[in-house]
Amino acid sequence: MPIHLLPPEVASQIAAGEVVERPASVVKELVENALDAKATHIEIKIEEAGLRLIEVSDNGAGILSEDLPLALERHATSKLERAEDLFTIATLGFRGEALASIASVSRLTITSRTEEADLGARLLVEGGKAESLHPIGAPAGTVVRVEDLFYNVPARLKFLKHPTTEKRHIDALVTNYALAYPEVRFHLYQDGRPVLQTSGNRDRREILASLYGVDIARPMLEVFSEDRNLMIRGYISPPSVTRSNRREIQFFVNGRPIQDTTLTAALLKGYHTLLMTGRFPYAAILIEIPPDQVDVNVHPAKAEIRFRDANLIFSGVQNAVRRALLAYTPVPTFEEELRWSSSPWRTENDRLIDPSWSFNATDEGPADTAPQVTTTGIPSPAQSGLPEGKVPLLRPIGQIAASYLVAEGPDGLYLVDQHAAHERVLFERYMAQRKTTIPAQNLLQPVVIELPAGSTRLLNEQLPVLTRLGFQVELFGAHSFQIRAIPALLQNTDPAAALRVVIEDFEEDETPLQAEIEAKIIARVCKRAAVKAGQVLSPEEQRTLLQDLENCQSPRTCPHGRPTMIHLSVDLLERQFGRKGAR
Ligand code: ADP
Ligand code: MG
């Protein structure tokens, strides 16, 4: 093919791909424009996850009628004049391509009036082509309506996630802006239902509650640190309130929500030793620095930035977080301390026992008949040597460190991790019950749990799965659910905590309906419900736990694959004491 210039529509569709990846990107650009126009009230209406309609109305500065066609041109902006300005940008927009990009992949109508003008104007653009421009009476400010997004790029439509996911992205995005601009009133509607309404009274706590739900937002700690050139503010969860992924860690730099793995790392460093492995805090951290200290022009969607002095920001965040935690965190109780101090030992290599103890119990003797100590890695059921991983009858001896049960078997000593063992027991019972109907236990007092809008919708859609898992949950007000019953197996568990674990799993999976996902949820719920390390068990409880473990199908590992027990055979003991085969 000879080289030729692309027709303008094709070129602009290609460029649009960088800016408008999904419905939430459109919402982002339109909200940023409204904020740049100094609006104090922004209303967002979404229909069908943004594919049918995205409408953003603001009461900001508006656009002069004669400028309206220009606003839709690529590289047309009122926010930047010279290349040098790029390094002192104080607005959210500056590239002058959002409206043009959006207009090239949708049917866009923009209506605007400035305070001074008597009449406003309306411009209609379809697939990037201006269709009509006419004067019209309108309130001061701007309304942008984006209909039938991607109608002319069917390939893009195919790549979109499930509507629930797209809606959740939009909710999270708008809530983030609301948090960054607490002086602005935000109203967000999805399919006619209000999702977020902030009052613009500068109270960030109120917005945190719609972001995370009241239960999580209430105990969040305030972060504040101010230096000549760096101000760090925000909220972080105490170490007791965590989740299984980093998704609720959000940074803002000069009012711009950004993704930055080093900032996340700095935050986590601030929590050093206070979090259990695999758990992450909730955090919303706002950083203000002089505009010439950041390069915002490194990403078409402006989602990433570069700092001139990254180390300064990094240590600033780490220290601010650490200070907030130290100021508020209560002195750890014995139980927690025990868990924390044991976690580095556990996690370094995921080894259950220190690899430097090298008892090679397997060098002699029939390794395949006796269970053995595996000193490296997690023993797979096959490695562990017991037929299908069974355990022999065990005689309880006692408990050590309030975490491990000591028992005698026909061939030596068994050390059982009480938490892992109980997880296994609960998991197998739960899975067995799933084959028929999981018995539910009515709560004496129904528990009400508040959730943010996104989770509310998700949970509402997944109620049948919950019912299948033995929960009885129903919608109870706009963003609350009432838990009336939980699986009988979990009767000693905090119902709200158990439900939250399930919701976290729903959030992670696009289609949380398959059997294996239910199993995963069950495993997580059981982890929550199982006795913890640090819990003293009565001799009766110890015996019951060991018996239950003996009856398990796969008693040697917890549902997450870690060992439940270590076996020290008589043979091994004899050799360790130099009674036999000294070498
Ligand atoms: P950018 O925001 O990068 O300048 P856009 O394509 O998003 O580029 O917008 C182009 C121009 O249109 C803006 O510079 C601004 O002057 C004007 N504009 C867009 N939206 C609004 C709005 N909601 N209120 C006032 N002016 C707007
Ligand atoms: Mg813009």
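Residues numbered from 1 in each chain as written. Chains lettered and ligands numbered in written order. Predicted model: local features only at pLDDT ≥ 70, side-chain atom pairs only at ≥ 80, totals over all residues. Heavy atoms only, no water.

## So, the site of ligand 1
Right, so step 1: Near ligand 1 lie 19 residues; those nearest to it are Asn33, Thr77, Ser78, Lys79 and Gly96.
Right, so step 2: Between ligand 1 and phenylalanine 94, the relevant distance is 2.9 Å, taken from an oxygen atom to a main-chain nitrogen or oxygen of the residue.
Right, so step 3: Here leucine 99 contributes a backbone N or O atom positioned 2.9 Å from an oxygen atom of ligand 1.
Right, so step 4: Across the complex, the protein chains shield 92% of the 530 Å² of accessible surface that ligand 1 would expose by itself. (Near = heavy atom within 4 Å. Polar contact = N/O pair within 3.5 Å; in protein donor to acceptor, adjacent residues only side chain to side chain. Areas by Shrake-Rupley, 256 points an atom, 1.4 Å probe, with all protein chains shown as cover.)

## Details of helix α9 (residues 261–270)
Right, so step 1: Taken residue by residue, α9 has Leu263, Thr264, Ala266, Leu267 and Gly270 as its buried positions. Looking down the long axis of α9, one finds its buried residues gathered within 155 degrees of arc, a one-sided arrangement.
Right, so step 2: Those residues of α9 that are buried are in contact with β10 (231–236), β11 (249–253), β12 (256–258), β13 (283–288), β15 (306–307) and α10 (310–328). (Buried < 20%, exposed > 50% of the residue type's maximum accessible area, 1.4 Å probe, protein only. Helix = DSSP H or I, 4+ residues; strand = E, 2+ residues; numbered from the N terminus. Arc of directions from axis to C-beta. Contact = heavy atoms within 4.5 Å.)

## A look at the pairing of strand β22 (residues 565–568)
Right, so step 1: The alternating pattern of β22 places Met565 and His567 on one face and Ile566 and Leu568 on the opposite face, and all of these are buried.
Right, so step 2: In terms of strand pairing, strand β18 (residues 412–417) meets β22 through 4 bridges, oriented antiparallel. Residue leucine 413 lies in a different strand from β22, and its bridge partner there is leucine 568. (Pairing = 2+ DSSP bridges.)

## Details of the nonpolar core
Right, so step 1: Grouped together as the largest cluster of nonpolar side chains are 61 residues, with contacts concentrated most on Ile44 and Phe186.
Right, so step 2: The contacts of phenylalanine 186, once residues within four sequence positions are left out, are Val31, Leu35, Ile42, Ile44, Val174, Tyr177, Ala178, Tyr181, Leu196, Gln197 and Thr198.
Right, so step 3: Core analysis: the second largest hydrophobic core is formed by 36 residues, Leu490, Leu499, Ala523 and Cys526 among them. (Core = buried A, V, L, I, M, F, W, Y, C linked by side-chain atoms within 4.5 Å.)

## Observations concerning the pattern of salt bridges
Right, so step 1: The full count for this structure, using the stated rule, is 27 salt bridges.
Right, so step 2: As a salt-bridge pair, arginine 145 and glutamate 147 come within 3.6 Å of each other at their nearest N and O atoms.
Right, so step 3: The closest approach of N and O atoms between arginine 524 and glutamate 504, which form a salt bridge, is 3.0 Å. With arginine 524 in helix α16 (residues 515–529) and glutamate 504 in helix α15 (residues 495–508), the pair connects residues that are 20 residues apart, well separated along the chain. No difference in accessibility class separates arginine 524 from glutamate 504, as the two residues are buried.
Right, so step 4: When salt bridges with common partners are traced through the structure, they connect Glu43, Lys45, Arg52, Glu55, Arg107, Glu126, Arg145, Glu147 and Asp148 into a single cluster. (Salt bridge = Lys/Arg side-chain N within 4 Å of Asp/Glu carboxyl O.)

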